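Below are the chains, spelled out letter by letter.
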Amino acid sequence: MREHAVVVAGAGPTGLMLAGELALAIVERRPDQELAGTRAGGLSARTLEILDQRGIVDRFLAEGQTAQVTGFAVMRLDISDFPTRHNYGLALRQKHIERILAGWVNELAVPIYRSLEVTGFAQDDRGVTIELSDGASLRAGYLVGCDGGRSLVRKVAGIAFEGWDPTTGNILAEVEMEEEPPLGIHRTALGIYAFGREEYEIHDGKIVFAKEGPIGVMVPEKNAGAMTEPTLDDLREALIAAFGTDYGLHRVNWISRFTDMSRQAMAYRKGRVFLAGDAAHVHSPVGGQGLNTGVQDAVNLGWKLAQVVKGTSPEALLDTYHAERHPVAARVLRMTMAQVALQRTDDRTEALRDIVTELLGMEEPRKRIAAEMSGLAIHYEFGEGHPLLGRRMPDLDLVTSDGPVRVFTLLQDARPVLLNLGAPGSVDIPRWSDRIRLVDGRYDGPWELPALGAVSAPAAVLIRPDGYVAWVGNGTQDGLQEAVNSWFGPPG
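Please read these numbers as outputs of a predicted model, since none were measured by experiment.

Visitor: Is there a simple way to think about the layout of surface pockets in this case?
Guide: Left-over empty space is what a probe sized like a water molecule reveals as it rolls over the atoms. The volume enclosed by the second largest pocket comes to roughly 710 Å³. Contributing to the lining of the second largest pocket are 34 residues, with Arg331, Glu372, Ala377, Ile378 and His379 lying nearest its centre. Of all the secondary-structure elements, those providing two or more residues to the lining of the second largest pocket are α7 (290–310), α8 (319–342) and α10 (363–373). If you tally residues by element for the lining of the second largest pocket, the top one is α8, at eight residues.

Visitor: For this particular structure, what's the right way to read the sheet that holds strand β3 (residues 42–43)?
Guide: Through backbone hydrogen bonds, the strands of a sheet pair up, either in parallel or in antiparallel fashion. Across the sheet, three strands lie side by side as β3-β7-β4; this open sheet has antiparallel pairing. The open sheet has two edge strands with one neighbour each: β3 and β4 (65–67). Sheet topology note: the β3/strand β7 (residues 89–91) ladder contains two bridges and is antiparallel. What sits directly across from leucine 43, in β7, is leucine 90.

Visitor: Please clarify how the packing of aromatic side chains should be interpreted in this entry.
Guide: Two aromatic rings are characterised by how far apart their centres lie and by the angle between their planes. If you walk through the whole model with that rule in mind, you get 13 aromatic pairs. Ring geometry for tryptophan 303 versus phenylalanine 488: centroids 5.8 Å apart, planes at 50 degrees, classification tilted. Of this pair, tryptophan 303 sits in helix α7 while phenylalanine 488 sits in helix α12 (residues 480–488), and the two are 185 residues apart along the sequence. Classification of tryptophan 303 by relative accessible area gives buried; the value is 4%. Given the relative accessible area of 0%, phenylalanine 488 is considered buried. By the ring-pair criterion, three or more aromatic residues cluster together here, those being Trp303, Tyr380, Phe382, Tyr468, Trp487 and Phe488. Stacked on the ring of phenylalanine 161, the Lys or Arg arginine 154 has its end atom at 3.6 Å from the ring centre. Above the plane of the ring of tryptophan 487 lies arginine 464, whose end atom (NZ or CZ) is 4.7 Å from the centre.

Visitor: Is there a simple way to think about the pattern of salt bridges in this case?
Guide: A side chain with one charge may pair with a side chain of the opposite charge, provided their charged atoms come close. Summed over all chains, the structure comprises 30 salt bridges. Across the pair arginine 366 and aspartate 81 runs a salt bridge whose closest N-O atoms are separated by 2.9 Å. On the criterion of sequence distance, the pair formed by arginine 366 in helix α10 and aspartate 81 in the loop between β6 (75–76) and β7 is long-range, its members being 285 residues apart. The salt bridge involving arginine 236 is made with aspartate 246; its shortest N-O contact spans 2.7 Å. Remark: aspartate 246 occurs in the loop between α6 (232–243) and β19 (249–259) and arginine 236 occurs in helix α6; sequence separation between them is 10 residues. Accessibility expressed as a relative area gives 23% for arginine 236, which makes it partly exposed. Taking the relative accessible area as the measure of exposure, aspartate 246 reaches 14% and is therefore buried.

Visitor: So what exactly am I meant to see when it comes to the packing of helix α1 (residues 13–22) against helix α4 (residues 94–107) here?
Guide: The geometry of a pair of packed helices is captured by two quantities: the angle between their axes and the separation between those axes. Interhelical geometry of α1 versus α4 gives an angle of 20 degrees and a closest axis separation of 9 Å. Our classification of the angle between α1 and α4 gives roughly parallel. You can see that α1 and α4 cross each other, and the crossing is left-handed. Across the interface between the two elements, Pro13, Leu16, Met17, Ala19, Gly20 and Glu21 from α1 touch Gln94, Glu98, Leu101, Ala102, Trp104 and Val105 from α4. Residue composition of the contact of α1 with α4, by class: eight nonpolar, two polar and two charged.

Visitor: Got a minute to help me understand the nonpolar core in this structure?
Guide: Formed by 85 residues in total, the largest nonpolar core has its most connected members in Met17, Phe60, Ile130, Val144, Leu305 and Leu462. Here the element with the most residues in this core is α7; it accounts for nine residues. If near-sequence neighbours (up to four positions away) are discounted, methionine 17 is found in contact with Ile50, Leu51, Arg54, Leu101, Trp104, Val295, Ala298 and Val299. Counting 21 residues, the second-largest nonpolar core is a separate cluster that includes Phe408, Val417, Leu449 and Ile463.

Visitor: Could you clarify how one ought to interpret unusual backbone geometry in this entry?
Guide: Positive phi is not limited to glycine here, since alanine 109 has a value of about 60 degrees. Along the chain, alanine 109 falls in the loop between α4 and β8 (112–114). With a phi close to 75 degrees, alanine 451 is a non-glycine residue in the positive phi region. Tracing the chain through its elements places alanine 451 in the loop between β28 (448–449) and β29 (453–454).

Visitor: Hey, could you run me through the side chain of serine 151 in this one?
Guide: Relative to the elements of secondary structure, serine 151 occurs in the loop between β11 (137–145) and α5 (152–157). Here the side chain of serine 151 touches valine 153 through a polar contact of 3.3 Å, landing on its backbone nitrogen. Leaving out residues up to four positions away in the same chain, serine 151 has contacts with Leu275 and Ala279.

Visitor: Would you take a moment to explain the sheet that holds strand β18 (residues 215–221) for this structure?
Guide: The strand order β14-β15-β18-β13-β19 describes an open sheet built from five strands, whose pairing is antiparallel. Either end of the sheet is taken by a strand with one partner, and the two such strands are β14 (184–188) and β19. Averaged over all pairs of adjacent strands, the angle between their axes in this sheet comes to 20 degrees, without regard to strand direction. As paired strands, β14 and strand β15 (residues 191–196) are joined by five bridges and run antiparallel to one another. Residue pairing across strands places isoleucine 185 opposite alanine 194, the latter belonging to β15. Relative to β19, α6 is tilted by about 90 degrees, and along the sheet it contacts β13 (169–177), β15, β18 and β19.

Here is what the cut-offs are and how they apply
- Residues numbered from 1 in each chain as written.
- Predicted model: local features only at pLDDT ≥ 70, side-chain atom pairs only at ≥ 80, totals over all residues.
- Heavy atoms only, no water.
- 1 Å grid on protein atoms, 1.4 Å probe; cavity = no way out; pocket = protein on both sides within 12 Å on 5 of 7 lines; lining within 4 Å.
- Points joined across faces, edges and corners; volume = space filled by probe spheres on them.
- Helix = DSSP H or I, 4+ residues; strand = E, 2+ residues; numbered from the N terminus.
- Pairing = 2+ DSSP bridges.
- Phe/Tyr/Trp six-rings, centres within 6.5 Å; stacked < 30°, edge-to-face > 60°.
- Buried < 20%, exposed > 50% of the residue type's maximum accessible area, 1.4 Å probe, protein only.
- Lys NZ or Arg CZ within 6 Å of the ring centre and 35° of its normal.
- Salt bridge = Lys/Arg side-chain N within 4 Å of Asp/Glu carboxyl O.
- Axes fitted to C-alpha atoms, helices over the stretch in contact; angles between N-to-C directions.
- Parallel < 35°, antiparallel > 145°, perpendicular 65-115°, else oblique.
- Left-handed = near helix turned anticlockwise from the far one by under 90°.
- Contact = heavy atoms within 4.5 Å.
- Nonpolar A, V, L, I, M, F, W, Y, C, P; charged D, E, K, R; others polar.
- Core = buried A, V, L, I, M, F, W, Y, C linked by side-chain atoms within 4.5 Å.
- Polar contact = N/O pair within 3.5 Å; in protein donor to acceptor, adjacent residues only side chain to side chain.

Written as structure tokens, this is what we have:
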């Protein structure tokens with residue numbers, strides 16, 4: 001029986017990101033990273049920061065198109081004045097995101113068991129025995145289900161998946177048409193319709209589609225609870241109802257449907273089994289937070305699993321994964337449900353949307369909601385203290401004895417960093433020097449957080465491998481040893 005420290009079920013963006021964090025084994029039913037259909041279409045500012053922390057963001061920037069894609073319902077929210085190097089979204093289709101992540105994972109020599117599925121598993125006090133679709137088995141210390149909204153891992157683990165049934169449904173398809181439909185997004189009395197092409201460019205914030213190629217179509221459908229696959233006739237009927245024509249629709253390359261069903265796993269951990277990404281939370285794609293939330297799940301879980309596997313931290317550290325990430329996804333579900341409600345086309349919703357649009361045109365509401373939609377407002381509850389505590393560490397330009405360095409560069413090896421911004425030697429943790437990097441540096445610029453604005457300069461900060469601040473110093477080491485011991489284990 002082949003053995004691994006951790007096995008991940010699923011090689012979508014969440015599973016690939018977790019594999020990169022840990023260099024572990026993946027079981028993936030697809031033979032490669034090819035995807036049929038349109039799924040997620042971009043990366044948020046915080047996800048770009050996370051990729052920057054691992055030194056791979058340039059791979060994505062080279063292939064995507066930066067744009068102010070952050071928004072709420074149908075309202076665009078500008079984040080160009082946010083204090084981050086990535087004050088934008090990146091338009092890049094999921095198939096390209098997966099391909100780039102898979103290339104990174106391959107460089108790390110992660111074993112991927114392709115064209116196989118997890119068919120069952122059993123866990124005991126020492127690990128998990130995982131059954132595969134070819135009759136073979138794997139043995140692992142931990143199993144992480146990154147296997148999508150219909151997650152077998154979640155079902156076998158017996159974790160409840162509670163929430164709200166769908167109220168809206170949409171057909172997605174790539175088709176051939178004799179006539180070109182009106183490209184772009186269209187609001188009608190029947191709902192929101194969209195036409196586009198695979199290839200496009202963004203100019204001055206506007207999408208300019210290619211002149212040739214298949215047409216991507218999104219249309220609402222009457223039956224939100226439909227369980228069967230949609231057909232060409234279903235699509236034709238919806239087009240004629242809205243536009244009086246099907247534009248010469250004669251071929252479907254692929255077709256699928258999605259709804260606004262919103263559900264969340266009641267527990268992200270059950271013993272040695274974890275859930276991440278769509279296996280842990282599903283919701284409408286409006287707002288574009290699904291893929292990004294999953295990737296950030298992976299980065300939160302990865303360093304914690306690594307420390308427990310290495311024996312430097314106790315198992316109790318793994319409970320913080322649910323404690324931190326469950327509230328984040330619960331908020332994402334509420335935000336997407338609100339956006340779906342604002343997309344309705346009746347007169348009362350139109351009036352409500354006008355008021356919300358007016359509110360989001362004001363500075364404070366705009367900054368608050370945009371920070372949330374871009375992932376820059378995430379705040380883990382670590383108790384009272386400096387505003388930085390539990391929030392993302394800004395990517396400052398530091399001056400050190402070795403020369404200038406960015407904070408995110410210090411995080412590329414996924415190790416915690418104790419950044420001393422006071423007099424050299426004023427903070428030190430020699431008993432943890434084997435696992436925490438101590439950096440003496442200077443930063444003379446302003447300290448600013450998205451939506452919150454200016455904050456006071458700290459004397460020192462302890463930064464977790466995922467980029468979140470675990471302790472803030474005020475000129476003393478009060479609380480530092482407790483924080484280090486809690487997050488990174490007792491001294492060796």
